[in-house]
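Read off the chains here:
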Amino acid sequence: MSKFTIVNHPLIAHKITMMRSVDTSTKDFRQLLEEISLLMAYEVTRDLPLTDVEIETPICKMVGKEISGRAIGVVPILRAGLGMVNGILTLVPNAKVGHIGLYRDPRTHKPVEYYCKLPLDATERRIIVVDPMLATGGSAAAAVQFIKDRGCKDIKLMCLIAAPEGVKAMQEAHPDVDIYVAALDEKLNEHAYIVPGLGDAGDRIFGTK
Ligand code: PRP
Ligand code: URA
């Protein structure tokens, strides 16, 4: 079974409450999502391996630490995942970015793929798939499957808000993919929206409704 982590931090709790509020503007919503993504990236990258490196300070030689092994690839699920990319890149500026285009069919709630472009060396990278909402889990599970089908093995999923149904579906489909969220909400409603959630993340980021 994969690891499921709720990233607990007062700043994240405060900012996510602001995002949930129906009174929050598109501009503030986007800004808050970027800020929370940066804070979450700190936790998602906690287990990056380190190696010793000899350097010279202005005073003397010393052995410091540097990150070793695979570089990072960030893969947002379009559209809403785009809102989480810049926060991660602020912490990990050398990461490469792939894109997966999926939308939920409003009738069936099943994901439909319309785009996939990954970095050429994606299979050599630690992939972090990002999407603010893990509702039924269909989109995230499909996105991870597309990435696995292209040869990637080292994959994590980072979401803002999850429903228990989505976590369960992801863990059943991909028991090797650790999941990080900022909040675990109560349930899904009859339209497969997260309750209490924050509404339609893509529409709130891009101001399309
Ligand atoms: C939203 C969200 C996820 C998906 C979650 O995207 O950003 O990708 O729904 O739902 P699921 O877990 O039930 O699959 P949406 O399909 O609304 O597309 P958009 O980002 O283009 O608005
Ligand atoms: N997609 C969203 O944007 N919000 C939800 O609550 C569920 C799916």
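For the structure, check the block above.
Please read these numbers as outputs of a predicted model, since none were measured by experiment.

1. Some words on the site of ligand 1
Around ligand 1, a shell composed of 15 residues is seen, among which Arg104, Asp131, Thr136, Gly137 and Ser139 lie nearest. Separating an oxygen atom of ligand 1 from a side-chain N or O atom of Arg79 is a distance of 2.9 Å. Side-chain polar atom of Arg104 to an oxygen atom of ligand 1: 2.7 Å apart, as the coordinates give it. Listed by contribution, the elements that provide at least two residues to the shell around ligand 1 are β6 (99-104), β9 (133-134) and α4 (138-149).

2. Concerning the site of ligand 2
Neighbouring ligand 2 are Arg104, Met133, Ala135, Ala192, Tyr193, Ile194, Gly199, Asp200 and Ala201. One of the backbone N or O atoms of Ile194 is found 2.8 Å from an oxygen atom in ligand 2. At 2.8 Å, a backbone N or O of Gly199 approaches a nitrogen atom of ligand 2. Here the residues of the shell around ligand 2 are counted per class, giving 6 nonpolar, 1 polar and 2 charged.

3. Regarding unusual backbone geometry
Going from Leu78 to Arg79, the amide bond is cis rather than trans, its omega being 0°. Structurally, the position occupied by Arg79 is in the loop between β4 (72-78) and α3 (85-91). Between Val195 and Pro196 the backbone carries a cis peptide bond, its omega angle lying at 0°. Positive phi outside glycine occurs at His109, with the angle close to 65°. Within the secondary structure, His109 is located in the loop between β6 and β7 (111-117). In this structure His109 comes out as partly exposed when scored by relative accessible area, which is 23%. Look at Ala192: it is not a glycine, yet its phi comes out positive at around 60°. A relative accessible area of 5% places Ala192 in the buried class.

Procedures and definitions
Residues numbered from 1 in each chain as written. Chains lettered and ligands numbered in written order. Predicted model: local features only at pLDDT ≥ 70, side-chain atom pairs only at ≥ 80, totals over all residues. Heavy atoms only, no water. Near = heavy atom within 4 Å. Polar contact = N/O pair within 3.5 Å; in protein donor to acceptor, adjacent residues only side chain to side chain. Helix = DSSP H or I, 4+ residues; strand = E, 2+ residues; numbered from the N terminus. Nonpolar A, V, L, I, M, F, W, Y, C, P; charged D, E, K, R; others polar. Buried < 20%, exposed > 50% of the residue type's maximum accessible area, 1.4 Å probe, protein only.

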